[in-house]
Amino acid sequence: MSQAEFTCSVQPQYLDEQSNPSQNEYAFSYTVTIRNTGTVTAQLVARQWLITDATGRTQEVRGLAVVGHQPVLRPGEHFEYTSWTSLGTPHGVMEGTFFCMTEDARPFEAPIAPFTLARSQSLH
């Protein structure tokens with residue numbers, strides 16, 4: 001039986017040049033790698049992110065595509081992109097879901113495990 005599965009990994013980074021700590025503005029980039037670890041060709045259609053700052057304030061971001069792309073991935077292929085977000089605190093957590101569709105129109109979800117956004121100085 002064919003299986004649809006995307007596996008996701010994320011590398012976050014604090015953006016010192018785009019941040020303004022005196023104004024409680026902390027910017028972070030994150031590079032996402034999406035790999036088709038299933039046995040069928042599938043497309044990433046939409047995404048949902050939950051971004052939570054250190055005070056527990058959560059922002060939800062939903063939309064079609066990622067950075068303007070809806071990549072179609074054959075088994076073994078991957079797609080990588082970089083985006084960014086900002087927080088009002090020097091650290092927080094992001095997690096999400098990619099909504100995907102196999103080439104025969106079967107929907108499935110690819111979870112993005114929680115990852116930490118942190119200004120390194122704030123962890124010491």
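Each value, and the rule that gives it
Residues numbered from 1 in each chain as written. Predicted model: local features only at pLDDT ≥ 70, side-chain atom pairs only at ≥ 80, totals over all residues. Heavy atoms only, no water. Helix = DSSP H or I, 4+ residues; strand = E, 2+ residues; numbered from the N terminus. Buried < 20%, exposed > 50% of the residue type's maximum accessible area, 1.4 Å probe, protein only. Contact = heavy atoms within 4.5 Å. Salt bridge = Lys/Arg side-chain N within 4 Å of Asp/Glu carboxyl O. Phe/Tyr/Trp six-rings, centres within 6.5 Å; stacked < 30°, edge-to-face > 60°. Pairing = 2+ DSSP bridges. Axes fitted to C-alpha atoms, helices over the stretch in contact; angles between N-to-C directions. Polar contact = N/O pair within 3.5 Å; in protein donor to acceptor, adjacent residues only side chain to side chain.

Participant: Would you mind going over the overall build of the protein with me for this structure?
Facilitator: In terms of helices and strands, the protein carries zero helices and eight strands. Mapped from its N terminus to its C terminus, the protein presents α and β elements in the order β-β-β-β-β-β-β-β. Its C-alpha atoms give the protein principal-axis dimensions of about 55 × 25 × 20 Å. A burial count over the protein gives 38% of its 124 residues as buried. Contacts in the protein between residues at least 24 apart in sequence constitute 65% of all its contacts with a sequence separation of at least 6.

Participant: What exactly am I supposed to notice about the pattern of salt bridges here?
Facilitator: Pairs may arise between side chains of opposite charge once their charged atoms sit close together. Per the stated rule, a full pass over the model turns up three salt bridges. Salt-bridge contacts for Arg-62 lead to Glu-60; the nearest nitrogen and oxygen are separated by 3.3 Å. Judged by its relative accessible area of 44%, Glu-60 is partly exposed. Its salt-bridge partner being Glu-77, residue Arg-74 comes within 3.0 Å of it at the nearest N-O pair. The exposure class of Glu-77 is partly exposed, given its relative accessible area of 26%.

Participant: Before we go on, may I ask you to explain the packing of aromatic side chains in this structure?
Facilitator: Geometry of an aromatic ring pair is reported as the spacing of the ring centres plus the angle between the planes. Per the counting criterion, the structure on display carries seven aromatic pairs. Aromatic pair Tyr-30 and Trp-49: ring centres 5.3 Å apart, planes at 65°, arrangement edge-to-face. Of this pair, Tyr-30 sits in strand S2 (residues 25-36) while Trp-49 sits in strand S3 (residues 42-53), and the two are 19 residues apart along the sequence. The same class applies to Tyr-30 as to Trp-49, namely buried. With centroids separated by 6.1 Å and ring planes inclined at 85°, the aromatic side chains of Trp-49 and Phe-98 adopt a geometry described as edge-to-face. Of this pair, Trp-49 sits in strand S3 while Phe-98 sits in strand S7 (residues 91-102), and the two are 49 residues apart along the sequence. An aromatic cluster of at least three residues, connected via ring pairs, comprises Tyr-30, Trp-49, Phe-98 and Phe-115.

Participant: In this structure, what is going on with the pairing of strand S1 (residues 6-20)? I would like to understand it.
Facilitator: Taken residue by residue, a regular strand's side chains alternate between the two faces of the sheet. Pairing analysis gives 11 bridges linking S1 to S2, with the strands arranged antiparallel. Across the sheet, the residue bridging to Gln-13 is Ser-29, located in S2. Hairpin connection between S1 and S2: a loop of four residues separates the two successive antiparallel strands, and Asn-24 in this loop has a positive phi of roughly 55°.

Participant: What am I meant to see in the sheet that holds strand S6 (residues 78-87) here?
Facilitator: Hydrogen bonds between backbone atoms are what pair the strands of a sheet, whose relative direction is either parallel or antiparallel. Within the open sheet, the three strands sit side by side as S1-S2-S6. Their pairing is antiparallel. Edge strands, defined here as strands with exactly one partner in the open sheet, are S1 and S6. Taking the axes of each pair of neighbouring strands and ignoring which way they run, one obtains an average angle of 20° across the sheet.

Participant: I tried to follow unusual backbone geometry on my own but got confused; where do I start?
Facilitator: Keep in mind that most residues, glycine aside, have a negative phi and that most peptide bonds are trans. Backbone geometry at Val-67 places phi at a positive 40°, although glycine is not the residue there. Turning to its location among the elements, Val-67 is positioned in the loop between strand S4 (58-64) and strand S5 (72-73).

Participant: How should I be thinking about the side chain of Thr-102 in this particular structure?
Facilitator: Here Thr-102 is to be found in strand S7. Judged by relative accessible area, Thr-102 falls into the buried class, the value being 9%. A polar atom in the side chain of Thr-102 sits 2.4 Å from the side chain of Asp-104. If sequence neighbours within four positions are ignored, Thr-102 has contacts with Ala-4, Val-40, Thr-41, Ala-42 and Phe-108.

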